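Spelled out, the chains give:
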Amino acid sequence: MAERAGTEPSVFTRILRGEIPGEIVLQTDDVFVLKDIAPKAPVHLLVIPKTDAYRDVTELAAGDPRLLAHLVEVAETVAAQAGLDSFRLIFNTGLAAGQTVFHVHAHVLGAGAGGTLDEASMTAGMPGEGRDT
Ligand code: AMP
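Per chain, residue numbering runs from 1 following the sequence as it is written. At least 70 in pLDDT is required for a residue's local features to be given in this predicted model, at least 80 for side-chain atom pairs to be given and counted, and no such filter applies to totals for whole chains, interfaces and linings, which use all residues. Only heavy atoms go into the side-chain values, all of them from the structure, while hydrogens and water stay out.

Before we move on, can you summarise the sheet that holds strand β2 (residues 31–35) with the specific residues and values?
One open sheet accounts for five strands, arranged β1-β2-β3-β5-β4; its pairing is antiparallel. With one partner strand each, in any of the chains shown, β1 (24–27) and β4 (88–90) form the two edges of the open sheet. When strand polarity is set aside, the average angle formed by the axes of neighbouring strands in this sheet is 20°. Here, strands pair whenever DSSP counts at least two bridges between them. Every helix listed is a DSSP run of H or I at least four residues long, and every strand listed is a run of E at least two residues long, numbered separately from the N terminus. As defined by bridge partners, β1 adjoins β2 across three bridges and the pair is classed as antiparallel. All axes here are fitted lines through C-alpha atoms, helices being fitted over the stretch that makes contact, and every angle between N-to-C directions spans 0 to 180 degrees.

Please set out the site of the ligand residue by residue, giving values where relevant.
For this purpose, a residue is taken to be near a molecule or strand whenever a single non-hydrogen atom of the residue falls within 4 Å of it. Taken together, 16 residues are adjacent to the ligand, and D36, N92, G98, T100 and H107 come closest. In this structure, an oxygen atom belonging to the ligand sits 2.7 Å away from a main-chain N or O atom of T100. Between the ligand and the protein, one listed contact pairs an oxygen atom with a side-chain N or O atom of H105 at 2.9 Å. A cavity here means a set of 1 Å grid points, computed over protein atoms only, where a 1.4 Å probe fits but cannot escape. A pocket is an open set with protein on both sides within 12 Å along at least 5 of 7 lines, and lining residues have an atom within 4 Å of a point. Should more than half of a molecule's atoms lie within 2 Å of a pocket's or cavity's grid points, that molecule is taken to sit in it. Assessed atom by atom at 2 Å from the grid points, the ligand resides in the largest pocket. Taken together, the elements giving at least two residues each to the shell around the ligand come down to α1 (11–16) and β2. In terms of residues, the shell around the ligand owes the most to one element, α1, which gives three residues. Tallied by class, the residues present in the shell around the ligand amount to eight nonpolar, six polar and two charged. Distance and chemistry together define a polar contact, namely a pair of N or O atoms within 3.5 Å, with one atom able to donate a hydrogen and the other to accept it when in protein, and with adjacent residues in sequence counting only for side-chain atoms on both sides. Basically, the charged four are Asp, Glu, Lys and Arg, the nonpolar ten are Ala, Val, Leu, Ile, Met, Phe, Trp, Tyr, Cys and Pro, and anything else, Gly included, counts as polar.

If you had to explain the layout of surface pockets to someone new, which residues and values would you point to?
Grid points are joined across faces, edges and corners, and a volume is the space filled by probe spheres set on the points. The calculated volume of the largest pocket comes to roughly 510 Å³. Taken together, 26 residues form the lining of the largest pocket, with D36, I37, A38, L46 and H107 sitting closest to its centre. Those elements that provide at least two residues to the lining of the largest pocket are α1, β2, β3 (43–49) and β5 (106–110). Residue contributions to the lining of the largest pocket peak at three residues, all from α1.

Give a detailed account of the pattern of salt bridges, specifying residues and quantitative values.
A pair can form between side chains of opposite charge whenever their charged atoms are brought close. Whenever a carboxyl oxygen of Asp or Glu lies within 4 Å of a side-chain nitrogen of Lys or Arg, that contact is scored as a salt bridge. Applying the stated criterion across every chain, the model contains three salt bridges. In this structure, R17 engages E19 in a salt bridge whose closest nitrogen and oxygen atoms are separated by 3.6 Å. Exposure categories follow from relative accessible area, calculated using a 1.4 Å probe and restricted to protein chains: below 20% of the type maximum is buried, above 50% is exposed, and the middle band is partly exposed. Take R17: its relative accessible area is 45%, and that puts it in the partly exposed class.

Tell me about the confidence of the model for the chain, and name the residues and values.
In predicted models, pLDDT denotes the confidence assigned by the predictor to each residue on a 0 to 100 scale. Per-residue confidence for the chain gives a mean pLDDT of 90; residues scoring 70 or more make up 87%. Taken as a whole, residues 1–5 scores under 50 in pLDDT and shows twelve contacts with residues more than four places along the chain or in a different chain. Here, two residues are considered to be in contact whenever any of their heavy atoms come within 4.5 Å of each other.

Could you give an account of a nonpolar patch on the surface, with specific residues and numbers?
Together, V72, F87 and L89 make up a nonpolar patch on the protein surface, roughly 200 Å² of accessible area in all. Secondary-structure assignment places L89 in strand β4. Given the relative accessible area of 30%, L89 is considered partly exposed. Like-charged residues within 9 Å of one another, or nonpolar side chains (Val, Leu, Ile, Met, Phe, Trp, Tyr) within 5 Å, are grouped into patches, provided each residue has over 30% relative accessible area and no salt bridge. Per-residue accessibility takes into account occlusion by the displayed protein chains alone, with areas from the Shrake-Rupley method and a 1.4 Å probe.

Summarise the pairing of β2; cite the residues concerned and give the values.
Within β2, four of the five residues are buried, which leaves it mostly tucked inside the rest of the structure. The antiparallel hairpin formed by β1 and β2 contains three residues in its connecting segment.

Next up, the structure:
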């Protein structure tokens, strides 16, 4: 689907187009997987639809549930490729919940082969993270 009229392309779209650097580790026709630039766990990947028509997972679920299911399937595939048998799959949804890029994406967080996520990785991206209150 086309970019939303009147909006700038997202950072993820610009990486997909090759306009800015990024490490894409897997692509299907509809989804790509990017290494997060600021990893919060030993494995931190972003699974992103190629379309940026959907700002968050609620819009994606309502607008294209098959694409959402495909995104989850790709998350499982890259997690397995990264040696994870357990992983967190996170959709930050809305500014106050920590969403910073309004092009829907899933975070895949994992400890790597045989490991366990530490507390910081378990709370990564949560509102209030790093604050005393
Ligand atoms: P969220 O805060 O849920 O919207 O997640 C956005 C994620 O995108 C953050 O974890 C950022 O570290 C990541 N990110 C932002 N810019 C880039 C980039 N240029 N390359 C890779 N990851 C990025």
